[in-house]
Amino acid sequence: MPAGATTSAKPDHQLWTNLLQKHVNSAGFVDYGNFLKDNVELDSYLQALSAGIPDSQNWTREEQLAYWINAYNAFTVKLILENYPLKSIKDLNSPISVPFLNSIWDKKFINLGGKKYSLNNIEHNILREKFQEPRIHFAINCASVSCPKLRNEAYIASKLNQQLEDQAETFINDPSKNKLLPSNPKLSKIFSWFGADFEKQGNLRNYVNRYADIKVKADANIDYMEYDWNLNDQ
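About the thresholds
Residues numbered from 1 in each chain as written. Predicted model: local features only at pLDDT ≥ 70, side-chain atom pairs only at ≥ 80, totals over all residues. Heavy atoms only, no water. Disulfide = S-S within 2.5 Å. Buried < 20%, exposed > 50% of the residue type's maximum accessible area, 1.4 Å probe, protein only. Helix = DSSP H or I, 4+ residues; strand = E, 2+ residues; numbered from the N terminus. Polar contact = N/O pair within 3.5 Å; in protein donor to acceptor, adjacent residues only side chain to side chain. Contact = heavy atoms within 4.5 Å. Salt bridge = Lys/Arg side-chain N within 4 Å of Asp/Glu carboxyl O.

Points about the state of the cysteines
Following the criterion strictly, the structure yields one disulfide and no others. In this model Cys 142 forms its disulfide with Cys 147; the gap between the sulfur atoms is 2.4 Å. For the pair Cys 142 and Cys 147, a shared accessibility class is recorded, and that class is buried.

Written out as structure tokens, the structure reads:
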């Protein structure tokens, strides 16, 4: 198989949904201890993803997005299970870790279509660069408490927009992720790290207000919350 081989065959994400519904609660926390017992099923799903990356000629944009989001989340779970128990995904970093060079997010452990990818490859080089869809930041999950919750169903093309809208609304209005106030909100660091993604169609305050129950004033001063990297373990 040539490296990065594409395929017109589309994986069935139902197996991933079954695993998520069994091991992820409504708050997005994962029962990793019991998930370990379903390693065979998880590997079966990862093998289906690995058969080949989306062929942009035969896959819709929604099918491609769902594939890459599910791949990011499923391989992250696999990474945690291979090293469980642990307190944080950052425990897997090199002793001297440099972002975008040798952090755990730069490790090329994901085999798709005969090519090795890192989590950063999927997030930055594919999801962000190719699709220009800021809502992916509410969908991909890096196994940490401050991440958007791991949805307990797979992303699928037929309802992808609805799923992404739900993730955005849930994340922005979750007081453990964002403290919404009209004048001095404290937002997730995600909005600081990826501010440019959210400002492509306006400013950050306007983007947040699309989903926020408590609206942020146009001249509000924005602070950012500390990011909790503890494992999202039940």
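Focus on the side chain of Lys 78
Considering the arrangement of structural elements, one finds Lys 78 in helix 4 (residues 61–83). Residue classification places Lys 78 among the buried residues on the basis of a relative accessible area of 13%. One polar contact links Lys 78 to Asp 43, side chain to side chain, over a distance of 2.9 Å. Sequence-distant contacts of Lys 78, that is, excluding residues within four places in its chain, are made with Asn 39, Leu 42, Asp 43 and Leu 46.

What to know about unusual backbone geometry
Looking along the chain, the bond that leaves Tyr 84 and enters Pro 85 is cis, with omega of 5 degrees. As for its position among the elements, Pro 85 is in the loop between helix 4 and strand 3 (110–112). The phi dihedral of Gln 132 is positive, around 50 degrees, even though this residue is not glycine. With respect to the element layout, Gln 132 can be found in the loop between helix 5 (119–131) and helix 6 (160–172). With phi around 65 degrees, Ala 143 is a residue other than glycine that occupies positive phi space.

Overview of the environment of Lys 179
Along the chain, the position of Lys 179 falls in the loop between helix 6 and strand 5 (186–187). Separated by 157 residues in the primary sequence, Lys 179 and Lys 22 have C-alpha atoms spaced 31 Å apart.

A few points about the pattern of salt bridges
With the rule as written, the count across this model stands at nine salt bridges. The partner of Lys 78 in a salt bridge is Asp 43, with the nearest N and O atoms 2.9 Å apart. Taken as a pair, Lys 78 in helix 4 and Asp 43 in helix 3 (residues 39–50) lie far apart in primary sequence, 35 residues in all. Of the residues examined, Asp 43 reaches a relative accessible area of 26% and is grouped as partly exposed. Close ionic contact of Arg 151 with Asp 166 constitutes a salt bridge, the shortest N to O distance being 2.8 Å. Residue Arg 151 is located in the loop between helix 5 and helix 6, and its partner Asp 166 is located in helix 6; the two are separated by 15 residues in the primary sequence. Owing to a relative accessible area of 31%, Asp 166 belongs among the partly exposed residues under this scheme. The structure contains a network of salt bridges with shared partners spanning Arg 151, Glu 153, Lys 159 and Asp 166.

Keep in mind these values describe shape, not function.
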